[in-house]
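Fold and contact review
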Amino acid sequence: MTDSKYFTTTKKGEIFELKAELNSDKKEKKKEAVKKVIASMTVGKDVSALFPDVVNCMQTDNLELKKLVYLYLMNYAKSQPDMAIMAVNTFVKDCEDPNPLIRALAVRTMGCIRVDKITEYLCEPLRKCLKDEDPYVRKTAAVCVAKLHDINAQLVEDQGFLDTLKDLISDSNPMVVANAVAALSEIAESHPNSNLLDLNPQSINKLLTALNECTEWGQIFILDCLANYTPRDDRESQSICERVTPRLSHANSAVVLSAVKVLMKFMEMLPKDLDYYGTLLKKLAPPLVTLLSAEPELQYVALRNINLIVQKRPEILKHEMKVFFVKYNDPIYVKLEKLDIMIRLASQANIAQVLAELKEYATEVDVDFVRKAVRAIGRCAIKVEQSAERCVSTLLDLIQTKVNYVVQEAIVVIKDIFRKYPNKYESVIATLCENLDSLDEPEARAAMIWIVGEYAERIDNADELLESFLEGFHDESTQVQLQLLTAIVKLFLKKPTETQELVQQVLSLATQDSDNPDLRDRGYIYWRLLSTDPVAAKEVVLAEKPLISEETDLIEPTLLEELICHIGTLASVYHKPPSAFVEGSRGVQHKRIPIQSSESQDTGGAPGATEAPAAVIPSQGDLLGDLLNLDLTPPTSTAGAPPGPPMPMGGMDLLGGGLDSLVGGGGSLLTPLSLLWLPAMKGKGLEIMGTFARRAGVIQMEMTLTNKAMSVMTDFAIQFNRNSFGLAPAGPLQVPTPLSPNQTIDVSLPLNNGGPVMKMEPLNNLQVAVKNNIDVFYFSCQYPISMLFVEDGKMDRQVFLATWKDIPNENEAQFQINDCHLNSDAASNKLQGSNVFTIAKRTVEGQDMLYQSMKLTNGICVLTELRVQTGSPTYTVSDRHTHALWVMIPARAGV
Amino acid sequence: MIGGLFIYNHKGEVLISRVYRDDIGYVQWEGSIRSSSSYLSPPSPPRRNAVDAFRVNVIHARQQVRSPVTNIARTSFFHVKRSNIWLAAVTKQNVNAAMVFEFLYKMCDVMSAYFGKISEENIKNNFVLIYELLDEILDFGYPQNSETGALKTFITQQGIKGQTKEEQSQITSQVTGQIGWRREGIKYRRNELFLDVLESVNLLMSPQGQVLSAHVSGRVVMKSYLSGMPECKFGMNDKIVIDKAGKGGTTDEAVKSGKQSIAIDDCTFHQCVRLSKFDSERSISFIPPDGEYELMRYRTTKDIILPFRVIPLVREVGRTKLEVKVVIKSNFKPSLLAQKIEVRIPTPLNTSGVQVICMKGKAKYKASENAIVWKIKRMAGMKESQISAEIELLPTNDKKKWARPPISMNFEVPFAPSGLKVRYLKVFESKLNYSDHDVIKWVRYIGRSGIYETRC
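Notes on the structure follow. Please read all numbers here as calculations on a predicted model, not as lab measurements. (Residues numbered from 1 in each chain as written. Chains lettered and ligands numbered in written order. Predicted model: local features only at pLDDT ≥ 70, side-chain atom pairs only at ≥ 80, totals over all residues. Heavy atoms only, no water.)

**Quick look at the overall build of chain A**
Going by this rule: Under the DSSP-based scheme used, a helix requires at least four consecutive residues in state H or I and a strand at least two consecutive residues in state E, with every element numbered from the N terminus. The buried label goes to any residue with under 20% of its type's maximum accessible area, the exposed label to any with over 50%, and the partly exposed label to all in between, with areas taken from a 1.4 Å probe on protein chains only. Whether two residues are in contact is decided by their heavy atoms: any pair within 4.5 Å suffices. Accessible surface area values rest on a Shrake-Rupley calculation with a 1.4 Å probe, where residue burial reflects the displayed protein chains alone.
Assigned secondary structure in chain A consists of 38 helices and 13 strands. Put simply, chain A has 895 residues, and 58% of those count as buried. Excluding contacts between residues fewer than 6 apart, the proportion of contacts in chain A whose partners are at least 24 apart in sequence is 67%. For chain A, the computed accessible surface area is about 36300 Å², with 50% contributed by carbon and sulfur atoms.

**Some details on the overall build of chain B**
Within chain B, the regular secondary structure consists of nine helices and 23 strands. Expressed as a percentage of its 456 residues, the buried residues of chain B come to 54%. Contacts in chain B between residues at least 24 apart in sequence constitute 71% of all its contacts with a sequence separation of at least 6. As displayed, chain B has an accessible area near 20700 Å², and 49% of this comes from carbon and sulfur atoms.

**Observations concerning a negative patch on the surface**
All names here are of chain A. This is how the line gets drawn: Residues enter a patch when their relative accessible area is above 30% and they make no salt bridge; the linking distance is 9 Å between like charges and 5 Å between nonpolar side chains (Val, Leu, Ile, Met, Phe, Trp, Tyr). One side-chain nitrogen of Lys or Arg within 4 Å of one carboxyl oxygen of Asp or Glu is enough to make a salt bridge. The convention is simple: Lys and Arg are positive, Asp and Glu are negative, and His and the chain ends are not counted. For charged residues, the charge sits on one atom: NZ in Lys, CZ in Arg, CG in Asp, CD in Glu.
On the surface, a cluster of negative charge is contributed by Glu464, Glu467, Glu471 and Glu501. By secondary structure assignment, the location of Glu464 is in helix H26 (residues 462-470). With relative accessibility at 52%, the residue Glu464 sits in the exposed group.

**Considering the sheet that holds strand S22 (residues 422-428) of chain B**
All names here are of chain B. Spelled out, the test is: By the convention used here, strands pair only if DSSP detects at least 2 bridges between them. Here an axis means a line fitted to C-alpha atoms, over the contact stretch when the element is a helix, while the angle between two N-to-C directions is reported on a 0 to 180 degree scale.
Here we have three strands laid out as an open sheet, ordered S12-S10-S22, and antiparallel in their pairing. Each having just a single partner strand, strand S12 (284-286) and S22 make up the two edges of the open sheet. In this sheet, neighbouring strand axes are inclined to one another by 15 degrees on average, regardless of whether the strands run parallel or antiparallel.

**Here we look at the interface of chain A and chain B**
Stated formally: Once two parts are brought into contact, the accessible area they lose, counted with a 1.4 Å probe and summed over both, makes up the buried area. For this analysis, a polar contact is any N or O atom pair within 3.5 Å, provided that within protein one partner can donate a hydrogen and the other can accept it, and provided that sequence-adjacent residues contribute only side-chain to side-chain pairs. When residue character is reported, Ala, Val, Leu, Ile, Met, Phe, Trp, Tyr, Cys and Pro are called nonpolar, Asp, Glu, Lys and Arg charged, and the others, Gly included, polar.
Taken together, the 109 residues of chain A in the interface contact 95 residues of chain B. With both sides pooled, the region where chain A packs onto chain B buries about 8800 Å², and carbon together with sulfur makes up 55% of that total. Between the two partners, chain A and chain B, sit 11 salt bridges. Ionic pairing is found between Lys106(B) and Glu216(A), a salt bridge with its closest N-O pair at 3.3 Å. Inspection of the chain A/chain B interface yields 39 residue pairs in polar contact (both at pLDDT 80 or more). Broken down by element, the side of chain A that touches chain B gets its largest block of residues, eight residues, from helix H9 (residues 135-151) of chain A. Split into classes, the residues belonging to the side of chain A that touches chain B amount to 52 nonpolar, 26 polar and 31 charged.

**Let's talk about unusual backbone geometry**
Even without glycine at this site, Asp715(A) takes up a positive phi of about 55 degrees. Along the chain, the position of Asp715(A) falls in the loop between strand S3 (698-707) and strand S4 (717-720). Despite not being glycine, Phe140(B) has its phi angle at roughly 55 degrees, a positive value. Its location among the elements puts Phe140(B) in the loop between strand S6 (138-139) and strand S7 (142-143). For Phe140(B), a relative accessible area of 2% gives the class buried.

**Some words on the side chain of Asn96(B)**
With respect to the element layout, Asn96(B) can be found in the loop between strand S5 (85-91) and helix H2 (97-115). Given the relative accessible area of 2%, Asn96(B) is considered buried. Within polar-contact distance, the side chain of Asn96(B) engages the side chain of Ser258(A) at 3.1 Å. Within the local environment of Asn96(B), its side chain forms a polar contact with the backbone nitrogen of Ala98(B), the two atoms lying 3.3 Å apart. Not counting chain neighbours up to four residues away, the residues in contact with Asn96(B) comprise Ile220(A), Asp224(A), Ala254(A), Ser258(A), Gly568(A) and Thr569(A).

**Some words on the packing of aromatic side chains**
All names here are of chain B. Selection rule: Aromatic rings from Phe, Tyr and Trp, taking only the six-membered ring of Trp, are treated as a pair when their centres fall within 6.5 Å; an angle between ring planes under 30 degrees marks them as stacked, one over 60 as edge-to-face, and anything in between as tilted. Should the NZ of a Lys or the CZ of an Arg lie within 6 Å of a ring centre and within 35 degrees of the ring normal, that charge is described as sitting over the ring.
One pass over the structure, following the stated rule, counts 28 aromatic pairs over all chains. Here Phe194 and Tyr225 contribute two aromatic rings whose centre-to-centre distance is 6.2 Å and whose plane-to-plane angle is 80 degrees, an arrangement assigned as edge-to-face. Here Phe194, found in strand S8 (residues 192-205), pairs with Tyr225, found in strand S9 (residues 211-225); they are 31 residues apart in sequence, far enough to count as distant. Taking relative accessible area as the criterion, Phe194 reaches 26% and is therefore assigned partly exposed. Feature note: the residues Phe6, Tyr8, Phe54, Phe77 and Trp86 constitute an aromatic cluster, connected by ring pairs. Directly above the aromatic system of Phe140 lies the positively charged group of Arg21, at a separation of 3.6 Å from the ring centroid. The cationic tip of Lys223 hangs over the ring face of Phe194; the distance from NZ or CZ to the ring centre is 5.9 Å.

**A few points about the pairing of strand S3 (residues 69-72) of chain B**
Residue and element names in this part refer to chain B. Examined bridge by bridge, S3 and strand S4 (residues 75-82) share four bridges and lie antiparallel to one another. Residue pairing across strands places Val69 opposite Phe78, the latter belonging to S4. If you look at the hairpin formed by S3 and S4, you'll find two residues sitting between the two strands, and Ala73 has a positive phi there, around 50 degrees.

**Section: the pattern of salt bridges**
All names here are of chain B. Taken as a whole and judged by the stated rule, the model has 58 salt bridges over all chains. For the salt bridge of Lys239 with Asp243, the shortest nitrogen-to-oxygen distance reads 3.6 Å. Note that Lys239 and Asp243 are positioned in helix H7 (residues 239-248) at a spacing of four residues, about one turn of the helix. Judged by its relative accessible area of 38%, Lys239 is partly exposed. Looking at Asp243, the relative accessible area reads 35%, which means it is partly exposed. One salt bridge connects Glu342 with Arg344, and the closest N-O pair in it is separated by 3.5 Å. Look at Glu342 and you get buried, because its relative accessible area is 16%. Under the relative-accessibility criterion, Arg344 is labelled partly exposed at 26%.

**Comments concerning the side chain of Asp340(A)**
Residues and elements named next belong to chain A. Locating Asp340 in the fold gives a position in helix H19 (residues 332-345). Given the relative accessible area of 11%, Asp340 is considered buried. Apart from the residues lying within four places of it in its own chain, the contact partners of Asp340 are Asn307, Lys372 and Arg379.

**Here we look at the sheet that holds S5(B)**
Whether parallel or antiparallel, the strands of a sheet pair through hydrogen bonds between backbone atoms. Residue and element names in this part refer to chain B. Spatially, five strands are ordered S2-S1-S5-S4-S3 in an open sheet, and the strand pairing comes out antiparallel. In this open sheet, the two edge strands, each paired with only one partner strand, are strand S2 (14-19) and S3. Each neighbouring strand pair of the sheet contributes to a mean axis angle of 20 degrees, computed without reference to strand direction. Pairing of strand S1 (residues 4-8) with S5 involves five bridges; the strand directions are antiparallel. Note on S5: the bridge partner recorded for Tyr8 is Trp86.

**Points about the nonpolar core**
The test is simple: To form a nonpolar core, buried Ala, Val, Leu, Ile, Met, Phe, Trp, Tyr and Cys residues must be joined to one another through side-chain atoms within 4.5 Å.
Tyr72(A), Leu317(A), Phe418(A) and Phe78(B) are the most contacted members of the largest nonpolar core, which has 282 residues in total. Not counting the four nearest positions on each side in its chain, Phe418(A) is found in contact with Tyr425(A), Glu426(A), Val428(A), Ile429(A), Leu432(A), Trp450(A), Ile451(A) and Tyr455(A). Core analysis: the second largest hydrophobic core is formed by 44 residues, Leu678(A), Met703(A), Val768(A) and Cys781(A) among them.

**Let's talk about the packing of helix H28 (residues 500-511) of chain A against helix H29 (residues 517-532) of chain A**
Residue and element names in this part refer to chain A. We count it as follows: By definition in this entry, angles of less than 35 degrees are roughly parallel, angles greater than 145 are roughly antiparallel, angles of 65 to 115 are roughly perpendicular, and the rest are oblique. By convention the crossing between two helices is left-handed if the near helix lies anticlockwise of the far one by an angle smaller than a right angle, and right-handed if it lies clockwise.
As a packed pair, H28 and H29 sit with axes 8 Å apart at the nearest point and diverge in direction by 140 degrees. With respect to each other, H28 and H29 are oriented oblique. Between H28 and H29 the crossing geometry is left-handed. On the side of H28, the interface is formed by Val503, Leu507, Ser508, Ala510 and Thr511, while H29 contributes Leu519, Arg520, Gly523, Tyr524, Tyr526, Trp527 and Leu530. When its residues are assigned to classes, the contact of H28 with H29 shows eight nonpolar, three polar and one charged.

**Observations regarding helix H7 (residues 100-112) of chain A**
Residue and element names in this part refer to chain A. Using the following cut-off: In a helix, the anticipated span is given by 1.5 Å times the number of residues less one.
Its 13 residues give H7 an end-to-end C-alpha distance of 19 Å, which sits within 8% of 18 Å, the value for a rise of 1.5 Å per residue. Of all 13 residues in H7, 13 are buried; the element is thus mostly enclosed. Two to three positions downstream of the cap, the backbone nitrogen of Leu101 sits 2.9 Å from a side-chain oxygen, assigning the N-cap of H7 to Asn99.

**Some points on the packing of helix H27 (residues 478-494) of chain A against helix H30 (residues 534-541) of chain A**
All names here are of chain A. Contact geometry for H27 and H30: axes closest at 10 Å, N-to-C directions at 125 degrees. Accordingly, the angle class assigned to the pair H27 and H30 is oblique. The way H27 lies across H30 gives a crossing that is left-handed. Contacts between H27 and H30 involve Val489, Lys490 and Leu493 from the former and Pro534, Ala537, Lys538 and Val541 from the latter. Broken down by class, the residue content of the contact of H27 with H30 amounts to five nonpolar, no polar and two charged.

See below:
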């Protein structure tokens, strides 16, 4: 009998038939029917209609049938929460079963049924199972705590499961320990400050003992957990290292990589002159090399990690160049990674071998790989000076092959070699010129033109060569056009007599016939320079160029440190911090390598976790201060209030500085004022003025970029640091580049709040990094909180009333706004424009009471009571915000 | 941790889908993908999006797979392929990537141990079993004990009704215990063990005969049929151990064998081996699993015996003809015989005809593989053989030169090219009445070609 037949049926009345079969009296028929249901579920058919019938099959002593029903339950319980309750009794009963396998099965499955109502019933059985006499049940229950925490964290804390879980770290069974560690590590990730794992020398000792005894997977959990510990001093660090090193001989690559992670991290604390330090370094190389004989997918993971390790500690693998030689049958992803590492390891000692290899690779089939190999030869030349000559001759050989993309790639890298070693290899120019016609890629054409221009005085027919490019000037890409313009000007400055005509031609092409502002501007600059002061032109255009750097692709040191702490994980594969690809609060915390310190007490044995709260809940004072700094300027003012005296600004005044248009403004200030965020002095010529606004429900960051430098700016990009409300650019920065000198443009960047969250000081602070072709610039600015008020913040009256009562008094604050000359209606209208909604109004003893609600993008609601004393310029505000109630929502916001 | 696990056939149809975590359901994907056929089918539960995203972006991708890890809309997909079956693990977290791949391989091993080859048919035939296994070895995305020896005691597809209480607790203590790979109470009438030293020798040689890289990756595979919980100790001619013994000057045997000792670059062990003991004393002691398993893997790079030397000679005669001559020399004791020898000489894509003459064996031009395949059944040590071929080429205007892939070789020899020798394997079982002498032991050495290439 085979099971594949269950996949075949696709008749119409299928569901009815199944229903009948499920309710059959015969056990076998029932089981068959459930199998069919599961098969349908697998291929994506909706069989949720059979829920009650399947659940009816649950009470059986046939374990196979039971497991199938459980599988069904896990899939559909969420869509039928009420019916799922029907299953609870069976679960509770099964948790008492004499057979430990059934007890474990029940508690395992119950945790997978993510229905809130069920979780309540889960607590008692789980508590029992955590203390079960059978280790198999305990290890299953340990994971179940993590499951429950994922559904209802508060419940887990209230029920004291975390403490029970902590106790399990001292369990006698190694697998229970391992699972408890895994569960605690996961829970701790969402509570970075909780000190849940409470790692101290005693608990570390327990973990190290369990490490020797548990399964390979358990060893991974434990090692990954150990990596978060910060040893107190170098002695402790060494003793942990000594107990971890045997893991390097484990057959499981993940165990090896996790052990490498622990060692790489703890090594940092050891004094470099210690004998043990050297021993450890030596011990690390062989297992890393062995990883390369694993299956290709694991090789790939290993290579990505080795790439990091080589950057951090090149000495470990410096003698192992050969193992990174590419094999003909390696998958392409392995080949490309090996190539990267080869270049990193290239040194004077091994360069001959490396070059011979690279030359071989340059004749392979895969175009990407060949290009990378050719580029690698160029990088070797730049990295190892002694080899430059050999590299150049290798490149010339490759050019002789006439394979189009090889030639083009070679010319691009030769240009870089010329820049690194000026006046050394110009003899090869003639060979390069022969290949002029075959170049069809912009980068290669631009490189060739650069070479011709730079060495115009040595190329007899430089003018002819450049002229030949000029014919199709308008069809070229901008890169080539710019290069051609510069090259011809260089040529003119070097050989003024013969090339006057040519230079005029290119200048007119660039300035008159081109609609590319960049090109035009450059053309005009040259033109003016040449016509006013040829000597100055010479100094500018033919100025000595700065040398190019050797290693352009090294990972930035702080990122590298963080990635070293993530060895073996996805972050190390992507070479990105977890926050770049993990949603929500998980993995947001940055990890750091402990630093060796002479007074080692300062770490105090605290876990490596850093202090990044999961979701920022503004503290009382913060929220008030900021809310009251409300900037209400965007809405048009309908208030006909007479202009009043300028109001004093204070930290605590309602709708603070922002209210000034409300209070004092005659509707004159309609756009928020731009502030200078990045002065040109700090931005290497880039000046940024900016402001924020909320338009049609979208938060916009509006910036005015001005190029005050002498060169064009291109390749703009923007990034935000983690911030209180998770603001992040909703798209790339759209700057119509290039930005020519003295050009000013306005850009508007839509934002969303899907980014990582970290509490800032002050709360509305935003740290921004803007990048262009010149450098990366950092600045910080503050956004008005009102920008975060969402359009649907209007509460129902009843809800408002109920919520107001529910919010504890501690969450209330009061303050006054002075000198407000609006009547309550005008104020209400005005505030509405900023998504502050008036729910109700009543008049008591000559005071107008306005009840208002607003909701922040992260789900926090703020309720206010605004008391307006008619005729008095003073507003009193009572403000209650709901964070205690709403905290749970922001964590899952965006659903 | 792992959020879900899917198995697809080559068409991208889902055969198995097991979701462990809710977060992987909602994969938002780019506009271009929206035209896929899944949009025409009736609405399905949201988590199918992840399933579809992988199919569209990886299985059906036009380009060759550029990475075994794919990130689509902040969801990471790990995949491995076995014949034309895709296994994909999905996650939204920063998981231990090495662990996920190790788990996927393990999953394949477990499935093979249960029902043989991993094929669409076998998976469909055993889908209930697979779900049961997935439930057991992956809990909330955390891998659990996945040793087949242990699993087979309680995942049997037979139900566990008949078990006694003792049996049940034995199962649970085995699954969670320190020796999760072996159950108690094993009995054999004849205590016997087989050791296979399997080596694959890898070589990359330049046309001039210079060794560019050479290494041996070896495995010691053990089949044990031993009663009780035997304590084993394994010894080989490891240079470090022998030198240590030699220093003590205990026996002259150490000095004698010292010559033959080998330097092991690195080795890894099955989880049954006590790693801390190896680290401190370099002794290999363990309680073996029952049946067949891989005890250790090792790698050596020094003093490797290269069983064959390939000497290529390729001459281009004009633009339409190639002359190839390849000599192979065997380089081991004349009394030994190499088997299954195969030399693969690549030919250009524009080959129109080939004429071959070989002294020994059979040679054939295989147009579909773009190679001349020369097979020799047996060859003794210290012998030499030769093949010559004339390759006719079609004239092409393709400027690109022929890449000249290396000449590769396959063979099998009855010795260990690394020089590794098993010195002893001692078995102690104090509770049962058999001693080391009663155990029948077999040792066999097999050296195979790994990637054995000579550039031409």
